Amino acid sequence: MDPYSPVPPPPSPPPAERPWWRRPGFVVMGVLVVFAGGLLLFGDPSGAPRAGVGDPKESGRPEVSVSPSAAASTGAPSAPSTPAGPPQLVGKVLKEAREAAAGAGYGVVTHDASDRDDEQWDANGWEVCFQTAAGQRDGGRPVLDLGVVRVGSPCPAADGEKVTWPAMPGVAGATLVRAGEMLEGIGVKKVRPESVYTDVTLPADPSAWLVCFQDPAPGEEIENPQYATAYLKLAPPDAACPAEPYARLRPEPTP
């Protein structure tokens, strides 16, 4: 080795390794993390809604549309409906009238329309003569006040007045058939014919016999005529009426 030959320079040291936070890959990743964090905190600068916050489709939750009909079916209490108008109940049997009123949204109270003030225990035995509005009860439900009389009774001229019952017609001189028609006209359906003569038997068909006497008397008021009975004393068509009932047509022979 030549002592005077130049000494080669020492080898250069290897470049120092950069810290991890200054490496290019980590710098780019850091920028992306910061950007993504800004989107999460402040939203998309374009104004679009962030996924999972305001958009039900992006968040995976089903989108529900509530219509007025759906809202009405949720069971929320609604205001009670007002009936269109009261049903006409005059002339109906009380039981039928109550059912018709209930079907139309009305309640019912009743009272005797005559001057007797009887209780209405049997709804099938009373008939409506008058109806008036009676305000509201039972939580605002409208109520009708019905003035009623017993079935078969005429209505009084005004609510609370005395019932005017029919008068017994005079049937003396008429045949049994004609008398029955006249009595049925006032509601009397029960007729009991008898022979006016004690010595004459009433035939099986006395329709052609004539009425001599009657009970009730002509002009007498017949209360509840559907339950009344008319008693008629009859004479044969070829015989005259006696002066009084229970006479003999053929006087007994003198001894």
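Let me begin by describing the structure that accompanies this report. The model shown is predicted, which means the values in this text are computed figures rather than measured ones. Each chain carries its own residue numbering, running from 1 in the direction its sequence is written. In keeping with the model being predicted, local features are shown solely for residues with a pLDDT of at least 70 and side-chain atom pairs are shown and tallied solely at 80 or more, while totals for entire chains, interfaces and linings include all residues. The side-chain figures draw on all heavy atoms in the structure; neither hydrogens nor water molecules are used.

1. Some thoughts on the state of the cysteines
Pairs of cysteine sulfur atoms within 2.5 Å are identified as disulfides in what follows. Taken as a whole, this structure holds 2 disulfides when the rule is applied. Linked covalently through their sulfurs, Cys129 and Cys155 form a disulfide whose S-S length is 1.9 Å. Of note, the bridge from Cys129 to Cys155 carries an S-S torsion of about -85 degrees and is left-handed in sense. On the criterion of sequence distance, the pair formed by Cys129 in strand β2 (residues 126-137) and Cys155 in the loop between β3 (141-150) and α5 (176-184) is long-range, its members being 26 residues apart. Each residue is assigned to one of three classes by its accessible area relative to the maximum for its type, calculated with a 1.4 Å probe on protein chains only: buried under 20%, partly exposed between the two thresholds, exposed over 50%. The exposure class assigned to Cys129 is buried, which follows from its relative accessible area of 7%. Across the disulfide from Cys212 sits Cys241; the S-S distance is 2.0 Å. Looking along the S-S bond of the Cys212-Cys241 disulfide, the torsion reads about -80 degrees, which is the left-handed sense. Starting at the N terminus, helices and strands are each numbered in turn, a helix being any DSSP run of H or I of at least four residues and a strand any DSSP run of E of at least two.

2. Quick look at the sheet that holds β3
Here, any two strands with at least 2 DSSP bridges between them count as paired. Pairing is mixed across the open sheet formed by 3 strands, whose spatial order is β1-β3-β2. With partners counted over all chains shown, the strands left at the sheet margins are β1 (107-112) and β2, one partner each. This sheet shows a mean twist of 25 degrees between the axes of neighbouring strands, independent of strand direction. Pairing of β2 with β3, which is carried by 9 bridges, proceeds in the antiparallel orientation. The residue bridging Arg137 from the neighbouring strand is Arg141, located in β3. Here an axis means a line fitted to C-alpha atoms, over the contact stretch when the element is a helix, while the angle between two N-to-C directions is reported on a 0 to 180 degree scale.

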